[in-house]
Amino acid sequence: MSGIAMKRTPFFKILVANRGEIALRIMRTARQLGYGVVAVYSDADRDALHVREADQAVRIGEALPAQSYLKIDAIITAAKASGAGAVHPGYGFLAENEDFAQACREAGLVFIGPSPEAIRAMGNKAGAKDIMQKAGVPCVPGYQGADQSDAGMLAEANKIGFPVMIKAVAGGGGRGMRLVADAEAFPDALRSARSEAQGAFGDPAMILERAIVDPRHIEIQVFGDRYGNAIHLGERDCSVQRRHQKVIEEAPSPKVTPELRARMGAVAVAAVKSLSYEGAGTLEFLLDQSGEFYFMEMNTRLQVEHPVTEAITGLDLVELQLRIAAGEPLGLKQEDVKFTGHAIEVRLCSEDAGHDFVPQSGKMALWQMPDGVRVEHALQSGSVIPPFYDSMIAKIISHGADRNEARGRLICGLEQTAAFGVTTNQGFLISCLRHPGFAKGEATTAFIGNHREELLAPCADDAGAALAALLLYVTNPHAPPWRSGRSLAATFPLTMRIDLGRGVLEVDIVRERDGSYVASLGGEQRFDIDELDRDTIRFRTDGMMESARFLRDGDRLYILHRGTTIAVRDLTLAAPESASAAGGDGKVRAAMNGRVVAVLVKPGERVASGQPVMTLEAMKMEHVHTAGVAGTVSSIDVAEGEQVTTGRIVVEIAGTA
């Protein structure tokens with residue numbers, strides 16, 4: 001880079017204005033480059049791993065993001081108090097907030113990211129589309145005007161034609177985004193999107209776009225420096241999504257040719273050069289069935305899925321960020337960027353895929369990540385997952401010589417993942433990776449919707465239920481110690497009543513004279529136990545030797561068997577389920593820990609069974625609660641803005657019919 005007048009900005013300690021796995025990820029590279037690292041934390045994260053791993057950690061407020069990780073003044077004060085000279089925003093929270101970047105500049109802190117001006121230009125979806133259209137970049141037809149009234153937005157949606165996509169102007173990560181099929185559904189979808197955007201980004205403004213049917217979601221990773229250099233690092237395919245949030249990402253895309261990659265990359269590089277852009281950025285496109293691509297938005301930050309680009313390029317993207325922020329030139333030309341093999345990432349989330357992906361919080365009793373793949377996480381056995389933040393708890397990344405090898409390694413890694421105590425989407429991810437459509441590289445953004453029933457098939461079959469009942473039987477603290485070999489006499493049959501999340505099952509367990517066990521559930525299954533210790537069982541059934549990991553926690557048992565995690569409750573000695581527990585008593589209960597964002601009914605109002613009555617926000621997503629029975633609303637037991645816990649009664653309905 002001879003001839004460049006270096007404009008260095010020295011700093012020696014970095015405050016990471018984020019939490020969890022991304023905070024640890026940034027700290028790892030920062031330390032490799034010789035920087036000190038400072039963490040920030042809310043009250044909910046006081047004992048979090050990123051706090052304990054940092055050189056220093058500063059409390060910035062209460063649990064809710066608006067009271068901690070979104071408080072610009074608290075983070076600036078923490079940076080000053082700790083002696084940090086630079087701030088890395090990670091992703092989410094304030095990562096794309098121009099006011100935060102400006103506050104860092106005014107405080108004399110290096111913001112490890114683009115300038116406030118660039119964030120302002122591209123972080124606003126409406127403004128970004130205007131810039132791209134003027135630059136000749138193809139954009140999705142839509143509306144990004146100043147009239148944000150309900151009537152005005154509906155009129156514009158009718159002009160565009162349904163289906164339309166509502167998007168938060170300041171949004172990202174699928175928040176504040178709704179696909180609307182017709183005009184009748186538009187008002188409720190607009191209200192919900194605005195509420196979610198206000199809570200997540202502090203800005204309820206929306207844009208509208210024509211919905212492109214079954215596209216691929218392709219993004220181009222770019223880097224620029226303060227000397228006018230810019231490159232792209234290829235594309236990532238992020239088409240597998242639920243609720244417009246990415247679930248699986250891969251690089252390169254199975255459907256992007258070298259020629260298309262060059263075209264999309266050239267557009268992306270031209271865009272960042274026109275902005276004098278510094279640092280990491282991502283331009284997101286929709287690729288339609290004909291091979292045409294349309295600009296959606298630019299993320300002016302590091303992406304969750306950056307590890308797949310690191311895997312195929314051999315580059316450390318956080319290191320590039322830090323070097324550029326310190327004033328070093330990019331040091332790479334486009335021809336220097338080489339791609340090797342294929343990489344796939346999955347997002348392991350604390351959510352119940354079988355119940356509409358409802359987020360889960362609580363204590364992770366056992367947490368053991370697999371070997372042979374890259375894992376980014378910030379948990380350990382005993383960690384508590386709070387209800388206030390995103391549901392993603394880990395990223396698991398594989399790299400192989402080709403796509404099939406990478407996919408196989410990732411499936412194997414997920415099958416070895418032990419996450420007991422909080423429900424995750426582990427089984428759902430394995431189903432996605434195994435699906436023939438994904439295996440062939442044919443997944444579009446409609447993949448999950450089109451194959452929902454196949455992907456969400458119950459994880460535990462009769463064989464899994466039989467194993468669960470057996471393990472509950474032999475690990476009961478009051479049961480006689482298990483021993484191998486023959487017993488003097490057969491034990492009496494015992495009927496185990498178990499719940500695997502799909503109703504109560506009854507399984508008869510008998511111990512035979514030869515020491516084996518027979519579990520009867522429809523048919524009979526014989527188990528010969530060869531080994532049983534504190535957390536592992538090795539057994540033979542139907543001539544097959546198998547093993548399973550397990551954890552017993554009171555009347556609950558968690559099992560990792562054949563790559564699937566089974567959570568089961570022992571109801572053998574429990575009273576029969578009441579109408580209250582079944583939801584037939586007219587009381588609507590919170591399905592998760594969350595914040596009430598909308599009360600949709602009033603006392604005295606007549607409601608039908610299945611009618612929406614309350615909306616809770618948990619882990620940055622809204623969840624509508626409905627009436628379990630028809631009747632009249634007798635009581636509203638919570639107020640908008642109130643934080644509630646799982647099982648709390650929120651609405652009561654009397655005079656059921």
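You'll find the structure just up there.
Residues numbered from 1 in each chain as written. Predicted model: local features only at pLDDT ≥ 70, side-chain atom pairs only at ≥ 80, totals over all residues. Heavy atoms only, no water.

### Description of the overall build of the protein chain
Looking only at helices and strands, the protein chain has 18 helices and 39 strands in total. In summary, the protein chain has a C-alpha radius of gyration of 27 Å against a globular reference of 26 Å for 657 residues, a match within 12%. Seen through its principal axes, the protein chain has C-alpha atoms that stretch 90 × 60 × 55 Å. Taking all 657 residues of the protein chain together, the buried fraction comes to 54%. The long-range share in the protein chain, meaning contacts at least 24 apart out of those at least 6 apart in sequence, stands at 62%. Treating the 70 positive side-chain charges of the protein chain as one cloud and the 83 negative ones as another, the clouds have centres 3 Å apart. (Helix = DSSP H or I, 4+ residues; strand = E, 2+ residues; numbered from the N terminus. Rg over C-alpha atoms; globule rule 2.2 N^0.38 Å. Buried < 20%, exposed > 50% of the residue type's maximum accessible area, 1.4 Å probe, protein only. Contact = heavy atoms within 4.5 Å. Lys, Arg positive; Asp, Glu negative; His and termini not counted. Charge placed at Lys NZ, Arg CZ, Asp CG, Glu CD.)

### Let's talk about the packing of helix α3 (residues 72–82) against helix α4 (residues 98–106)
The angle between the axes and the distance between the axes are what describe a pair of packed helices. The N-to-C vectors of α3 and α4 enclose an angle of 30 degrees; their axes lie 10 Å apart at closest approach. When the axes of α3 and α4 are compared, the pair comes out roughly parallel. Crossing geometry of α3 relative to α4 is assigned as right-handed. Residues Ile-72, Ile-75 and Ile-76 of α3 touch α4, and the partners they reach there are Asp-99, Phe-100, Ala-103 and Cys-104. Each residue belonging to the contact of α3 with α4 can be placed in one class, and the counts come to six nonpolar, no polar and one charged. (Axes fitted to C-alpha atoms, helices over the stretch in contact; angles between N-to-C directions. Parallel < 35°, antiparallel > 145°, perpendicular 65-115°, else oblique. Left-handed = near helix turned anticlockwise from the far one by under 90°. Nonpolar A, V, L, I, M, F, W, Y, C, P; charged D, E, K, R; others polar.)

### A word on the sheet that holds strand β12 (residues 245–251)
The antiparallel open sheet is built from eight strands, whose spatial order is β14-β13-β10-β11-β12-β15-β22-β20. Two strands bound the open sheet, and with one partner strand each, they are β14 (293–299) and β20 (374–377). When strand polarity is set aside, the average angle formed by the axes of neighbouring strands in this sheet is 25 degrees. As paired elements, strand β13 (residues 279–287) and β14 share six bridges and run antiparallel to each other. (Pairing = 2+ DSSP bridges.)

### Quick look at helix α17 (residues 462–474)
Over its 13 residues, α17 runs 18 Å from end to end, which matches the ideal 18 Å to within 8%, given 1.5 Å per residue. Looking only at α17, the buried set comprises Ala-463, Gly-464, Ala-465, Ala-466, Leu-467, Ala-468, Ala-469, Leu-470, Leu-471, Leu-472, Tyr-473 and Val-474. (Expected span 1.5 Å × (residues − 1).)

### Side note on the pairing of strand β29 (residues 544–553)
Within a regular beta strand, the side chains point alternately toward one face of the sheet and then the other, so they alternate between its two faces. Here strand β28 (residues 536–541) pairs with β29 via six bridges, running antiparallel. The partner of Phe-539 across the bridge, within β29, is Glu-546. With antiparallel pairing between neighbouring strands as the criterion, β28 and β29 make up a hairpin whose turn holds two residues, including Asp-542 at a positive phi of roughly 55 degrees. In terms of strand pairing, β29 meets strand β30 (residues 556–561) through five bridges, oriented antiparallel. Of the residues in β30, the one forming a bridge with Arg-549 is Leu-560. The hairpin turn running from β29 into β30, its antiparallel successor, is two residues long, and Gly-554 in that turn takes a positive phi close to 65 degrees.

### Some points on the side chain of Glu-250
Residue placement: Glu-250 occurs in strand β12. Overall, Glu-250 belongs to the buried group, its relative accessible area being 4%. A polar side-chain atom of Glu-250 sits 2.7 Å from a polar atom in the side chain of His-342. Within polar-contact distance, the side chain of Glu-250 engages the side chain of Arg-403 at 2.7 Å. (Polar contact = N/O pair within 3.5 Å; in protein donor to acceptor, adjacent residues only side chain to side chain.)

### Observations concerning the nonpolar core
Phe-11, Ile-14, Met-27, Tyr-35, Phe-223, Ile-231 and Leu-322 are the most contacted members of the largest nonpolar core, which has 37 residues in total. Looking at this core, the elements with two or more residues in it are β1 (13–16), α1 (20–32), β2 (36–42), β11 (230–242) and α11 (317–325). Discounting residues that sit within four places of it in the chain, Ile-14 has contacts with Ala-30, Tyr-35, Gly-36, Val-37, Val-38, Ala-84, Ala-86, His-88, Ile-112 and Leu-322. Counting residues in hydrophobic clusters, the runner-up holds 34 residues, among them Met-369, Ala-406, Leu-429 and Met-619. (Core = buried A, V, L, I, M, F, W, Y, C linked by side-chain atoms within 4.5 Å.)

### Some thoughts on the packing of helix α5 (residues 116–123) against helix α6 (residues 125–134)
Contact geometry of α5 with α6 gives a least axis separation of 5 Å together with a crossing angle of 90 degrees. The angle between α5 and α6 falls in the class roughly perpendicular. In this structure, α5 contributes Ala-121, Met-122 and Gly-123 to the contact, and α6 contributes Lys-125, Gly-127, Ala-128, Ile-131 and Met-132.

### Points about the packing of aromatic side chains
For the structure shown, the criterion picks out 13 aromatic pairs. Ring centres 6.1 Å apart and planes at 75 degrees place the aromatic pair Phe-285 and Phe-295 in the edge-to-face group. With a gap of ten residues between them, Phe-285 in strand β13 and Phe-295 in strand β14 connect regions that are remote in the sequence. For the pair shown, Phe-285 and Phe-295 are each scored as buried. Note on Phe-388 and Tyr-389: the rings are 6.0 Å apart at their centroids and 65 degrees apart in plane angle, and the pair reads as edge-to-face. The buried category is assigned to Tyr-389, whose relative accessible area is 1%. Site record: aromatic cluster; members linked through ring pairs are Tyr-69, Phe-93, Phe-388 and Tyr-389. (Phe/Tyr/Trp six-rings, centres within 6.5 Å; stacked < 30°, edge-to-face > 60°.)

### Describing the environment of Val-169
By secondary structure assignment, the location of Val-169 is in the loop between β7 (164–168) and β8 (177–180). Using a relative accessible area of 5% as the deciding quantity, one classes Val-169 as buried. It is 51 Å that separates the C-alpha atoms of Val-169 and Ala-469, two residues lying 300 residues apart in sequence. Contact partners of Val-169, with chain neighbours within four places excluded, come to Gly-123, Asn-124, Lys-125, Ala-205, Met-206 and Ile-207.

### A short note on unusual backbone geometry
With omega at 5 degrees, the peptide bond leading from Phe-162 into Pro-163 counts as cis. We note that Asp-214 has phi near 50 degrees; this positive angle belongs to a residue other than glycine. Turning to its location among the elements, Asp-214 is positioned in the loop between β9 (206–210) and β10 (216–224). One non-glycine residue, Phe-357, lies in the positive phi region at around 60 degrees. Structurally, the position occupied by Phe-357 is in the loop between β16 (351–352) and β17 (358–359). The class for Phe-357 is buried, based on a relative accessible area of 3%.

### Observations concerning the environment of Gln-416
Among the structural elements, Gln-416 can be located in the loop between α12 (403–415) and β23 (418–420). Of the residues examined, Gln-416 reaches a relative accessible area of 40% and is grouped as partly exposed. Along the primary structure Gln-416 and Asp-508 are separated by 92 residues, whereas in three dimensions their C-alpha atoms are 30 Å apart. Not counting residues within four places of it along the chain, the set of residues in contact with Gln-416 comprises Gln-368, Pro-370, Asp-371 and Leu-560.

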